[in-house]
Amino acid sequence: MGELADLQHWMARVLRTRRALAKDEHITREATERLTGNDRLRPVEQAEIYREQFWLRHTSALLEDYPGLSGVIGQGDWERLVEEYLTSHAPDSWTLRDLGNRMTEHVESCAWLPHRQLCIDMARLEWSYTELFDARDAPPLDPNKLGSIPEAAWETALIVLNPALRLLRTEYPVAELRRRLREGEASALIPDAQSQNLVLFRSRKRSLHYDVVGDGAFALLEALRDGLPLVPACERAVERAPSEAKAVEVGVGQWFQEWGRLGWIVDVDVK
Amino acid sequence: MTEARLGCPDLGVGVGLRVPHYRHILDHRPAVDFFEIISENFMVDGGKPIYHLERVLETYRVIQHGVSLGIGGPEEPDTAYLERLKRLVDKVQPAWLSDHFCWCSADGVNLHDLLPLPYTEEAIEIVVERAKKIQDFLGVRFALENTSTYLNYTSSEMPEWEFIGRIAEQADIGLMFDVNNIYVSAYNHGFDPLEFVRNVPHERIVQIHLAGHMNVGTHIIDTHSGHVIDPVYDIYRETIAQAGAVPTLIEWDDDIPEFSLLVAEAEKARDIRSDALELKARRAAGKASATPDWPWARAIEERGPADAQLEGETHAGTVQGGWKQGGPRESESTAAE
């Protein structure tokens, strides 16, 4: 290893230290060997400037991406959560956008966390929003193309969902809770458990929205997302939500119109 | 426009394109010489960032500035990063593209900071080789920027100006000359900023950055917040007087003001640039002194007791929230309408 790489490996280790560097005698000695210091700052204090900023920069980036999660658990638990997160999941991407990509699995592993299932749901929701924000654009559904599809072809047609759409089944109504927290309701009450089928999507104006749908519609959307043609997708939806078999049967036409209007469906691929 | 520098045209005086100004810019299309984008904010698949960029490109010249290349790191620059950067270059078609003399990651950990390099022969060799490859790969004039630094390495073998000048010449790349960073580093390390300006290859300066900063007494942090202070404008004036008409950009990334205030700062820079070009002509005619008088620079170099008060108020403590390279990214929380 060259001298430069050796220096950089030392810096990368030291700057991620959680405690102030001057409290560590060994690091203080190492800093004196590697850094000059000056008449205002000792070598270890020069390194401390960068260490402090490492933590501030990354904790503020996570706060930006997880306002709901931080609002649910409060400042003290939030600080512990992100400290543990950054220690166990060091930033490994060139973009801060990816910094929180393992927050859900981290929350799942934090047995000490209050309202843990709610927190898991919130982390999944907020990471989905991050993904949706800059997901690929797709041109809107072409009504002329729809009109030209022969009746028989619909049975095997593949319905293409918007790449900026996510399906999320949660145990708590976290989307509504997050909205209230972001609107400044700091005292928003922790809601009772209530499972929801969330469709998260980016509108044509590129704003993020959520909608709550029934079990039948959700199962159909999941089947379409998984690439099943229309008829097998409907069959699977009925199988997964048997109590909504009738709703699927009579609702599918209306759903498709609505989903096309909302931009959830962007194409129909006729083989 | 005047003569091109390393093939890069003089685009005038521009400002950084930042999220809080998108609505105003797209609604009113104000007169701006050029915008500089932070490349990483637009190296995404779609959504609002790409939409806004495409609308801006309809009207304005745009150049790219990056903060994540980490050209001097222990590993080669990330291939996937470079490929995404290349796709953005193809879309934006910038007249040039820049990043920093720095490193950002090691051991698979990205520190998301512009960490200083030691000024050594080994570092020169590494950065030169990579800079050549990157310039060839991107197919656009590449430039590297001197960073603000808060530490000095015992292993450094030369001053910063020699380090960056030699890399620029050996790799045949441009210099992104950040005169605020010169002031910040001069204050933090006690060197003469005029010596810095005099000893770089002026013909390789393809762009200048101007910005505000925060003085915390023991050191200055390059926050890109607030107005450009007079000593920084002094360095700017001298750079133009020595290097000529270099495109200039105002960076303002924290406590971002109304767009009109940002433009007013750019207009101030434009006036100073004009004065400096006249000064250059007078010097060439032997009608002006070639040495500026900067009392503040003597105070920095001598590190006298008054140096912490050079700029008036100092701010004790830390920069809350962490300084962000290139300002806020556009995210679900910060997105423009």
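Our structure is the block above this text.
For every chain, the first residue of the written sequence is number 1, and numbering continues from 1 onward in sequence order. Chains carry letters from A onward and ligands carry numbers from 1 onward, assigned in written order. Per-residue local features are limited, in this predicted model, to residues with pLDDT of at least 70; the limit for side-chain atom pairs, both in listing and counting, is 80 or more; totals at the level of whole chains, interfaces and linings are taken over all residues. With hydrogens and water stripped out, all remaining heavy atoms of the structure feed into the side-chain values.

(A) Structural detail: the sheet that holds strand E4 (residues 208–212) of chain A. All names here are of chain A. At least two bridges found by DSSP between two strands is the condition for calling them paired. Where helices and strands are cited, they refer to DSSP runs of H or I of at least four residues and of E of at least two residues respectively, numbered from the N terminus. On the basis of which strands lie adjacent, the open sheet formed by three strands has the order E2-E3-E4 and antiparallel pairing. For this open sheet the edge positions go to strand E2 (165–170) and E4, each flanked by a neighbour on one side alone. Ignoring which end each strand starts from, the neighbouring axes of this sheet average 25° apart. Contacts between residues were defined by any pair of non-hydrogen atoms, one from each residue, lying within 4.5 Å. Geometry is summarised by axes, namely lines fitted to C-alpha atoms with helices restricted to the contacting stretch, and by angles between N-to-C directions that run from 0 to 180 degrees. Packed on one face of the sheet, helix H8 (residues 174–182) meets E2, strand E3 (196–202) and E4 and runs near 140° to E4.

(B) Geometry of the nonpolar core. If you look at the biggest cluster of nonpolar residues, it comprises 150 residues, and the most contacted ones within it are Leu 69 of chain A together with Phe 35, Phe 163 and Leu 210 of chain B. Sort the elements by how many residues they give to this core and helix H6 (residues 116–133) of chain A lands first, with 10 residues. Ranked by size, the runner-up nonpolar core spans 30 residues in total, among them Ala 153, Leu 167, Ala 219 and Leu 262 of chain A. Only buried residues count toward a nonpolar core. Its members are Ala, Val, Leu, Ile, Met, Phe, Trp, Tyr and Cys residues joined through side-chain atoms within 4.5 Å. A 1.4 Å probe rolled over the protein chains alone gives each residue an accessible area, and that area as a share of the maximum for its type sets the label: buried under 20%, exposed over 50%, partly exposed in between.

(C) Here's a closer look at helix H10 (residues 230–240) of chain A. All names here are of chain A. All of the buried residues along H10 are Leu 230, Ala 233, Cys 234, Arg 236 and Ala 237. Seen from one end, H10 has its buried residues packed into an arc of 165°, which puts them on one side. The exposed set on the far side of H10, more than 90 degrees from its buried face, consists of Glu 235 and Glu 239. Where H10 is buried, its residues contact strand E1 (158–161), helix H9 (215–225) and helix H11 (245–262). This arc is taken over the directions from the axis of the helix to the C-beta atoms.

(D) Geometry of the interface of chain A and chain B. With 56 residues of chain A at the interface, the matching set in chain B holds 63 residues. By buried area we mean the combined loss of accessible area, with a 1.4 Å probe, across both parts when two parts are placed together. For the pair chain A and chain B, the summed buried area comes to about 5100 Å², and 57% of that belongs to carbon and sulfur atoms. One speaks of a salt bridge when a side-chain nitrogen belonging to Lys or Arg is within 4 Å of a carboxyl oxygen belonging to Asp or Glu. Inspection of the chain A/chain B interface yields one salt bridge. A salt bridge links Asp 113 of chain B to Arg 57 of chain A; its shortest N-O distance comes to 3.4 Å. Here a polar contact means two N or O atoms within 3.5 Å. Within protein one must be a hydrogen donor candidate and the other an acceptor candidate, and residues neighboring in sequence count only if both atoms are side-chain atoms. Taken together, chain A and chain B are joined by 20 residue pairs in polar contact (both at pLDDT 80 or more). At the level of secondary structure, the elements contributing two or more residues to the side of chain A that touches chain B comprise helix H1 (3–14), helix H2 (25–34), helix H3 (43–65), H6 and H8 of chain A. Only Asp, Glu, Lys and Arg are considered charged, only Ala, Val, Leu, Ile, Met, Phe, Trp, Tyr, Cys and Pro nonpolar, and every remaining residue, Gly among them, polar. Of the residues contributing to the side of chain A that touches chain B, the split by class is 23 nonpolar, 13 polar and 20 charged.

(E) Broad picture of the packing of aromatic side chains. For Phe, Tyr and Trp, where Trp contributes only its six-membered ring, two rings pair if their centres lie within 6.5 Å, and the inter-plane angle classes them as stacked under 30 degrees, edge-to-face over 60, or tilted in between. All chains considered together, the criterion is met by 19 aromatic pairs over all chains. An angle of 65° between the planes, with centres 6.4 Å apart, marks the rings of Phe 34 of chain B and Trp 96 of chain B as edge-to-face. Here Phe 34 of chain B, found in the loop between helix H1 (22–28) and strand E2 (35–38), pairs with Trp 96 of chain B, found in the loop between helix H3 (79–92) and strand E4 (97–100); they are 62 residues apart in sequence, far enough to count as distant. A relative accessible area of 0% means that Trp 96 of chain B is categorised as buried. Three or more aromatic residues joined by ring pairs make a cluster, and in this case those are Phe 201, Trp 255, Phe 256, Trp 259 and Trp 264 of chain A. The rule is short: NZ of Lys or CZ of Arg within 6 Å of the ring centre and within 35 degrees of the ring normal puts a charge over the ring. If you follow Arg 18 of chain A out to its NZ or CZ, it ends over the ring of Trp 55 of chain A, 4.3 Å from the centre. Stacked on the ring of Trp 112 of chain A, the Lys or Arg Arg 80 of chain A has its end atom at 3.8 Å from the ring centre.

(F) Here's a closer look at the packing of helix H4 (residues 121–138) of chain B against helix H5 (residues 160–171) of chain B. Residues and elements named next belong to chain B. The geometry of H4 relative to H5 is characterised by a closest axis approach of 9 Å and an angle of 40° between their N-to-C directions. Judged on the interaxial angle alone, H5 and H4 are oblique. Between H4 and H5 lies a crossing whose hand is right-handed. Only Phe 163, Arg 166, Ile 167, Gln 170 and Ala 171 of H5 make contact with H4, whose side of the interface consists of Glu 121, Ala 123, Ile 124, Val 127, Val 128, Ala 131, Lys 132 and Gln 135. With respect to orientation, any angle under 35 degrees is reported as roughly parallel, any angle over 145 as roughly antiparallel, any angle of 65 to 115 as roughly perpendicular, and every other angle as oblique. Put simply, a crossing is left-handed when the front helix is turned counterclockwise from the back one by less than a right angle, and right-handed when it is turned clockwise.

(G) The packing of H3 of chain B against H4 of chain B, seen in detail. All names here are of chain B. Between H3 and H4, the least distance of the axes is 10 Å, while the angle of their chain directions is 45°. Between H3 and H4, the crossing angle belongs to the class labelled oblique. Relative to H4, the crossing made by H3 is right-handed. Taken together, the residues of H4 that come into contact with H3 (itself represented by Leu 82, Glu 83, Leu 85, Lys 86 and Val 89) are Ile 134, Phe 137 and Leu 138. Class assignment of the residues belonging to the contact of H3 with H4 gives a composition of six nonpolar, no polar and two charged.

(H) Representation of the pattern of salt bridges within the structure. Residue and element names in this part refer to chain A. Enumeration according to the criterion identifies 41 salt bridges over all chains in this entry. Between Arg 179 and Glu 183 there is a salt bridge; the shortest N-O distance is 2.8 Å. For Glu 183, a relative accessible area of 54% translates into the label exposed. Each of Arg 97, Asp 98 and Asp 134 takes part in one network of salt bridges that share partners.

(I) The environment of Ile 27 of chain A, seen in detail. Residue and element names in this part refer to chain A. In this fold, Ile 27 is placed in helix H2. What makes Ile 27 buried here is its relative accessible area of 5%. For the pair Ile 27 and Glu 3, spaced 24 residues apart in sequence, the C-alpha separation works out to 18 Å. Once residues lying within four places of it in the same chain are set aside, the contact partners of Ile 27 are Trp 10, Val 14, Thr 17 and Leu 21.

(J) Fine view of the sheet that holds strand E3 (residues 62–65) of chain B. Residue and element names in this part refer to chain B. Taken in spatial order, the eight strands of this closed barrel run E1-E2-E3-E4-E7-E8-E9-E12, and their pairing is parallel. Taking each pair of neighbouring strands and ignoring which way they run, the sheet shows an average axis angle of 30°. As defined by bridge partners, E2 adjoins E3 across four bridges and the pair is classed as parallel. Across the sheet, the residue bridging to Phe 35 is Val 62, located in E3.

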